[in-house]
Amino acid sequence: MNIKIVDLKEYSSKEVGLLVQVVLTELMIIFAIINIISDAFMPAFYAIITMIMFTMAYNNKKFYKKKYMTPIYIIVGLFVAITTLVEYVF
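Here's a quick rundown of the structure.

Rules used in this analysis
Residues numbered from 1 in each chain as written. Predicted model: local features only at pLDDT ≥ 70, side-chain atom pairs only at ≥ 80, totals over all residues. Heavy atoms only, no water. Helix = DSSP H or I, 4+ residues; strand = E, 2+ residues; numbered from the N terminus. Buried < 20%, exposed > 50% of the residue type's maximum accessible area, 1.4 Å probe, protein only. Contact = heavy atoms within 4.5 Å. Areas by Shrake-Rupley, 256 points an atom, 1.4 Å probe, with all protein chains shown as cover. Polar contact = N/O pair within 3.5 Å; in protein donor to acceptor, adjacent residues only side chain to side chain. Core = buried A, V, L, I, M, F, W, Y, C linked by side-chain atoms within 4.5 Å. Expected span 1.5 Å × (residues − 1).

1. Let's talk about the overall build of the chain
Across its full length, the chain holds 3 helices and 0 strands. The order of helices and strands in the chain, counted from the N terminus, is α-α-α. Looking at the 90 residues of the chain, the share that counts as buried comes to 24%. Summarising the internal contacts of the chain: among those between residues at least 6 apart in sequence, 53% fall at separations of at least 24. For the chain, the exposed area adds up to about 7,000 Å²; of that, 72% sits on carbon and sulfur atoms.

2. Points about the side chain of Asn59
Along the chain, Asn59 turns up in helix 2 (residues 42-64). Accessibility expressed as a relative area gives 1% for Asn59, which makes it buried. At a separation of 3.2 Å, a polar atom in the side chain of Asn59 contacts the main-chain carbonyl oxygen of Gly17.

3. Focus on the nonpolar core
By size, the foremost hydrophobic cluster in this structure holds 12 residues: Leu24, Phe31, Met42, Phe45, Ile48, Ile49, Ile52, Met53, Met56, Ala57, Tyr73 and Val80. Those elements that place two or more of their residues in this core are helix 1 (13-37), helix 2 and helix 3 (70-88). The element best represented in this core is helix 2, accounting for 8 residues. Contacts of Val80, omitting those with residues within four sequence positions, involve Tyr46, Ile49 and Thr50.

4. Focus: the side chain of Thr70
Within the element layout of this structure, Thr70 appears in helix 3. Overall, Thr70 belongs to the buried group, its relative accessible area being 10%. Setting aside anything within four residues of it in sequence, one finds Thr70 in contact with Ala57, Asn60 and Lys61.

5. A word on helix 2
Over its 23 residues, helix 2 extends 31 Å from the first C-alpha to the last, a length consistent with the 33 Å expected when each residue adds 1.5 Å. Taken together, the buried positions of helix 2 are Met42, Phe45, Ile48, Ile49, Thr50, Ile52, Met53, Thr55, Met56, Ala57, Asn59 and Asn60. Taken from the residues just after helix 2, Lys65 is the one with a positive phi, measuring 60°.

6. Concerning helix 3
The end-to-end C-alpha separation of helix 3 is 27 Å, in line with the 27 Å expected for 19 residues at 1.5 Å each. Considering only its buried residues, helix 3 is in contact with helix 2.

Next up, the structure:
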């Protein structure tokens, strides 16, 4: 009897971060198309942009090792989050 042992591939947090960035980018494109028709989902669009900025900061720090871009992505993410809260909540 031939039995083959298959090694399971372990995924690291780098690959999960890249997957999250791809999924959020696709969601951003979908919500951008929806917002062309109607502006009802604009806060969700800004929330997705904020999440993309923080994910890109994480990926730059862990995967790409570009430490000079990480603070820029964090600052842009915080700016988008704060302006969205001010515009739509208060």
